[in-house]
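# Structural overview
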Amino acid sequence: MPDVVDRHEHLQAYTGFVVRSRTLGLNHQELRERIGNHQPADLEEAVFLEAVAQIYEMYLDEVVVDGRDDFNGVVWGAAERIGGGDVGIVRQSRRAVDLRKIRYVLIDEYQDFSEPFHALIGALRKVNPEMKVYAVGDDWQAINGFAGSDLKFFQRFSNYFPRSIRLELPRNYRSAEPVVEVSNAFMVGRQPRGQHGAVAASG
């Protein structure tokens, strides 16, 4: 049983590393350079990094070939094409969408935003400076760090979107009062710090 658990943990570690590397848009050479500039804490970490570098190279050779790509690669590719001026008409459900005429973009679960999505929004803003971005998120619900999301986009929103307006929505319309009270008690003294919830009055 321990061997099975160990294999599962190793598989998770390798998979998570590959996913995060793809989320950062690294090619194999860039990953090798980062590993080369890193001082492993021990032999086990050094062996892991060498193994995962080889796995990553094989993954790219197998997946990113003949016009195929994984999800992160598709998003990075879209950002690159749009940023490079490819703003032709996009077909969606038989409707023609001109990327230069999009007025509003709503981003839900913004606490789980990642580098490729940030690059995509940046590319859209480059070709469409008048586009308005509305982001909704809760830093207490950030759960996708293992997949490459980065809370910095939520925490530094005003840096990425100057002259933005931040609105707090502390009133809970979904949970019962005991749930809110227990949640508030749990959050006391913990990071991230923010407004605690309150139950909305029913009418």
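Preceding this section is the structure that the text describes.
This write-up is about the structure you can find in this document.

Definitions and cut-offs
Numbers given to residues run from 1 along each chain, matching the order in which its sequence is written. For this predicted model, a pLDDT threshold of at least 70 governs which residues receive local features, and a threshold of 80 or more governs which side-chain atom pairs are given and counted, while totals over whole chains, interfaces and linings are taken from all residues. Hydrogens and waters are ignored; side-chain quantities use all the structure's heavy atoms. By definition, any uninterrupted DSSP run of H or I lasting at least four residues is a helix, any uninterrupted run of E lasting at least two residues is a strand, and each is numbered from the N terminus. Strands pair, by our definition, only if DSSP identifies at least two bridges between them. Orient the strands so they point away from the viewer; a crossover is then right-handed if the path from the first strand over the helix to the second runs clockwise. Throughout this description, the term nonpolar core refers to a set of buried Ala, Val, Leu, Ile, Met, Phe, Trp, Tyr and Cys residues connected via side-chain atoms within 4.5 Å. Relative accessibility decides the category of a residue: with a 1.4 Å probe and only protein chains considered, values under 20% of the type maximum give buried, values over 50% give exposed, and everything between is partly exposed. Here, residues are in contact when the closest pair of their heavy atoms is within 4.5 Å. Only residues whose relative accessible area exceeds 30% and that form no salt bridge are eligible for patches; like-charged ones are grouped when within 9 Å, while nonpolar side chains (Val, Leu, Ile, Met, Phe, Trp, Tyr) are grouped when within 5 Å. Only the protein chains shown count as covering a residue, and every accessible area follows the Shrake-Rupley method with a 1.4 Å probe. Should a side-chain nitrogen of Lys or Arg be within 4 Å of a carboxyl oxygen of Asp or Glu, the pair is scored as a salt bridge.

## Regarding the environment of Ala 51
Turning to its location among the elements, Ala 51 is positioned in helix H3 (residues 43–63). When the C-alpha atoms of Ala 51 and Tyr 14 are compared, they prove to be 8.7 Å apart, with 37 residues separating the residues in sequence.

## Some points on the pairing of strand E4 (residues 132–135)
Across four bridges, the pairing between strand E3 (residues 104–107) and E4 is parallel. Residue Tyr 104 lies in a different strand from E4, and its bridge partner there is Lys 132. A crossover links E3 with its parallel partner E4, the connecting element being helix H5 (residues 115–127), and its sense is right-handed.

## Quick look at the nonpolar core
Counting residues in each nonpolar core, the largest one holds 20 residues, and the members touching the most others are Ile 82, Ile 107, Tyr 110 and Ile 121. Of all the secondary-structure elements, those providing two or more residues to this core are helix H4 (71–83), E3, H5 and helix H6 (152–155). Residues contacting Ile 121, with those up to four places away along its chain left out, are Val 105, Ile 107, Phe 113, Met 131, Val 133 and Phe 161. If you look at the next biggest cluster of nonpolar residues, it comprises eight residues, including Val 18, Leu 26, Ala 53 and Tyr 56.

## Some details on the environment of Gln 54
Note that Gln 54 resides in helix H3. Residue classification places Gln 54 among the partly exposed positions, given a relative accessible area of 41%. Residues Gln 54 and His 28, 26 residues apart in the sequence, show an inter-C-alpha distance of 8.8 Å.

## Digging into a nonpolar patch on the surface
Taken together, the side chains of Tyr 104, Leu 106, Tyr 134 and Val 136 present a nonpolar region at the surface, about 450 Å² in accessible area. Mapping Val 136 onto the fold places it in the loop between E4 and H6.

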